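Notes for the structure review
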Amino acid sequence: MTEELFQHAADLLKAAKAAGADTADTLLISGMSVSVQRRLGKTEETERAEARELGLRVFIGRQSAIVSASAIDPASFARLAEQAVAMARVIPEDKFSDIPEAPPAPDAAFLDLDDPDEPSMETLITRAAKAEDAAMAVPGITNSEGASASWSRSSFVLATSLGFSGGYTRSSHGVSATAIAGSGTGMQRDYDYSSAAHASDLEDGAMIGERAAEQALARLNPSRPKTAKLPVLFHPRVAGSLIGHLTGAINGASIARGTSYLKDKMGERLFAPGINIYDDPLRIRGPRSRPFDGEGQPTARLALIEDGVLQTWILDSRSARQLGLTTTGHASRGTSGPPGPSGSNLYLEPGKMSPADLMADIEEGLLITELMGGGVNGVTGDYSRGAAGFMIRHGKIAEPVAEFTIAGHALTMFSSLIPANDLVFKRGTDSPTIRLDGLTLAGA
């Protein structure tokens, strides 16, 4: 599949040059996916989809334009290239944008991202059934929002008129379940899931269903807590959102625009000593791993926070030029837009204390397991989100709570952050349980 894409990429670039482009690059994606949805013992939906798309970016000096197509048809390449060049001629110059030189593309095989075996529809139905049946078997579970299983496999090829040509293939398996406990207006729901590049790394469906059920049951009969300023623990499934808020604030595009509350914080201490946050695009079988970025630049593990100190911005070549710096190899792109800076496999390094140790001295606090809406104001750093979870009383998890808001300021939150030792690589952004002191709870 990728050999054909490489040939199409070369032909597109030839068409762009023939149409009058000074330089050009192209991204081609070919993929397929299969999914099933099951609810209350019945398969409700099965779907199979195939997609082939391309994007072509051309430059006339510093003027550029992009055209995209939802089909890869060689007969249309000349027309697409002519359209792109015509558009570029009437678009204002961007002195920071061009196609960077790139070294030869590495062989992506070492990342082990591709599981070539496509599961049958029967296999996917069995995975979903196992998850839902396990959830429904837990006493107290009264209903199900269903379980799903999926598989996809996509090939990517990026090529430029400056000589770069690289590609890789990524597969993904997934299974999830959502269980409902209680009845009427007292119903509570919760979910669990697993996703992996290889089927052999998927968690057992029965474990997923059981966890979804147990989490739903634990949330029954929540109260609304009183307004207070409390220490707060974030469960790993929501703790990663704080890492996302950090990376959004150090995104090179925001820094170059001057719209980030961290724009003047390079080299300053944001976290306590010993706190480390990394981006690792070269993690074996990682969900966002890639051998090169969206501009063909080499990727490498990067320390964003080291010993509590902000080390770098997340940069593509355009934002790097605006700031007088060098790209960090973090360009990300689709077929219909230009590259922009974006992280890959982000994670907060674990600490030494267990979650139980982190809450042992808390007389009254919160464990957050769900966040809704809001987030961080990118300009001011003010934080506010709806939340649900559990009270912590005398160092132990107590009754469920819901319908409240937590608020604070990102810099204060970062400075008080303490990580637990329970990091598990499961998502694109991963964090252990974390503790933050002094957040404001707005409740009853």
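In this report, we go over the structure that sits alongside the text. Predicted model, so just to flag it, every value in this text is computed and none were measured.

**Quick word on a nonpolar patch on the surface**
- Residues Met87, Val90 and Ile91 make up a contiguous nonpolar surface patch of about 260 Å² in total accessible area.
- Inspection of the secondary structure puts Val90 in the loop between α2 (77–89) and α3 (121–136).

**Topic: the sheet that holds strand β18 (residues 429–430)**
- Reading across the sheet, the five strands line up as β10-β9-β8-β13-β18 and stay open at both edges, with mixed pairing between neighbours. Strands with a single pairing partner mark the edges of an open sheet, and in this sheet they are β10 (309–310) and β18.
- Where strand β9 (residues 302–306) meets β10, two bridges bridge the pair, whose relative direction is antiparallel. By the bridge assignment, Ile305 is partnered in β10 with Leu310.

**Overview of the sheet that holds strand β2 (residues 42–60)**
- Across the sheet, six strands lie side by side as β3-β2-β1-β4-β5-β6; this open sheet has antiparallel pairing. For this open sheet the edge positions go to β3 (63–69) and β6 (188–196), each flanked by a neighbour on one side alone. Taking each pair of neighbouring strands and ignoring which way they run, the sheet shows an average axis angle of 20°.
- In this structure, β2 lies alongside β3, joined through seven bridges in antiparallel fashion. Among the inter-strand pairings, Val58 is bridged to a residue of β3, identified as Ala65.
- Against the sheet, α2 touches β2 and β3, its axis set at about 145° to β3.

**Notes on the pattern of salt bridges**
- The final tally for this structure, using the stated rule, is 28 salt bridges.
- Asp114 is the partner of Arg153 in a salt bridge, and the nearest nitrogen-oxygen pair spans 2.6 Å. Taken together, the residues span a long stretch of sequence, with Arg153 in strand β4 (residues 141–160) and Asp114 in the loop between α2 and α3 at a distance of 39 residues.
- Accessibility expressed as a relative area gives 25% for Arg153, which makes it partly exposed.
- Here the residues in one salt-bridge network are Asp190, Arg219, Arg237 and Glu370, joined through shared partners.

**Side note on the packing of aromatic side chains**
- Following the criterion strictly, the structure yields six aromatic pairs and no others.
- Centroid distance Phe164 to Phe292: 5.2 Å. Interplanar angle 75°. Geometry classified as edge-to-face. Separated by 128 residues along the polypeptide, Phe164 in the loop between β4 and β5 (165–181) and Phe292 in the loop between β8 (277–279) and β9 bring together distant segments of the chain.
- Take Phe292: its relative accessible area is 4%, and that puts it in the buried class.
- Between Tyr347 and Phe425, the aromatic rings sit 5.2 Å apart at their centres with planes inclined by 90°, giving edge-to-face as the arrangement.

**Some thoughts on the packing of α3 against helix α4 (residues 205–218)**
- At their nearest, the axes of α3 and α4 sit 7 Å apart, and the two run at 40° to each other. Taken as a pair, α3 and α4 cross one another with a handedness that is right-handed. Facing Lys130, Ala131, Ala134 and Ala135 of α3, the residues of α4 in contact are Gly205, Ala206, Gly209, Glu210 and Ala213.
- Here the contact of α3 with α4 is composed, by residue class, of five nonpolar, two polar and two charged.

**Points about the pairing of β5**
- Across the 17 residues of β5, 13 count as buried, placing the element largely inside the fold.
- Of the strand pairs in this sheet, β4 and β5 are connected by 17 bridges, and their pairing is antiparallel. Bridging from a neighbouring strand, Ala159 pairs with Ser165 of β5.
- From the end of β4 to the start of β5, which pair antiparallel, there are four residues, and Gly163 there has a positive phi angle of about 110°.
- Where β5 lies against β6, nine bridges are found, and the strand directions are antiparallel. The residue of β6 that forms the bridge with Ala181 is Gln188.
- Counted along the chain from β5 to the antiparallel partner β6, the turn is six residues long, and its residue Gly182 has a positive phi close to 80°.

**Some remarks on α4**
- Taking 1.5 Å of rise per residue, the 14 residues of α4 would be expected to cover 20 Å, and the 20 Å separating its terminal C-alpha atoms lies within 8% of that figure.
- What α4 keeps buried is the set Gly205, Ala206, Ile208, Gly209, Ala212, Ala213 and Ala216. All buried residues of α4 lie within an arc of 165° about the axis, which places them on one face of the element.
- Where α4 is buried, its residues contact α3, β4, β5 and β6.
- By the N-cap criterion, in which a side-chain oxygen at the helix start approaches the backbone nitrogen of a residue two or three places on, α4 is capped by Asp204, the distance to Ala206 being 3.1 Å.

Conventions we followed
- Residues numbered from 1 in each chain as written.
- Predicted model: local features only at pLDDT ≥ 70, side-chain atom pairs only at ≥ 80, totals over all residues.
- Heavy atoms only, no water.
- Patch = residues over 30% accessible without salt bridge, like charges linked within 9 Å, V, L, I, M, F, W, Y side chains within 5 Å.
- Areas by Shrake-Rupley, 256 points an atom, 1.4 Å probe, with all protein chains shown as cover.
- Salt bridge = Lys/Arg side-chain N within 4 Å of Asp/Glu carboxyl O.
- Helix = DSSP H or I, 4+ residues; strand = E, 2+ residues; numbered from the N terminus.
- Pairing = 2+ DSSP bridges.
- Axes fitted to C-alpha atoms, helices over the stretch in contact; angles between N-to-C directions.
- Contact = heavy atoms within 4.5 Å.
- Buried < 20%, exposed > 50% of the residue type's maximum accessible area, 1.4 Å probe, protein only.
- Phe/Tyr/Trp six-rings, centres within 6.5 Å; stacked < 30°, edge-to-face > 60°.
- Left-handed = near helix turned anticlockwise from the far one by under 90°.
- Nonpolar A, V, L, I, M, F, W, Y, C, P; charged D, E, K, R; others polar.
- Expected span 1.5 Å × (residues − 1).
- Arc of directions from axis to C-beta.
- Polar contact = N/O pair within 3.5 Å; in protein donor to acceptor, adjacent residues only side chain to side chain.

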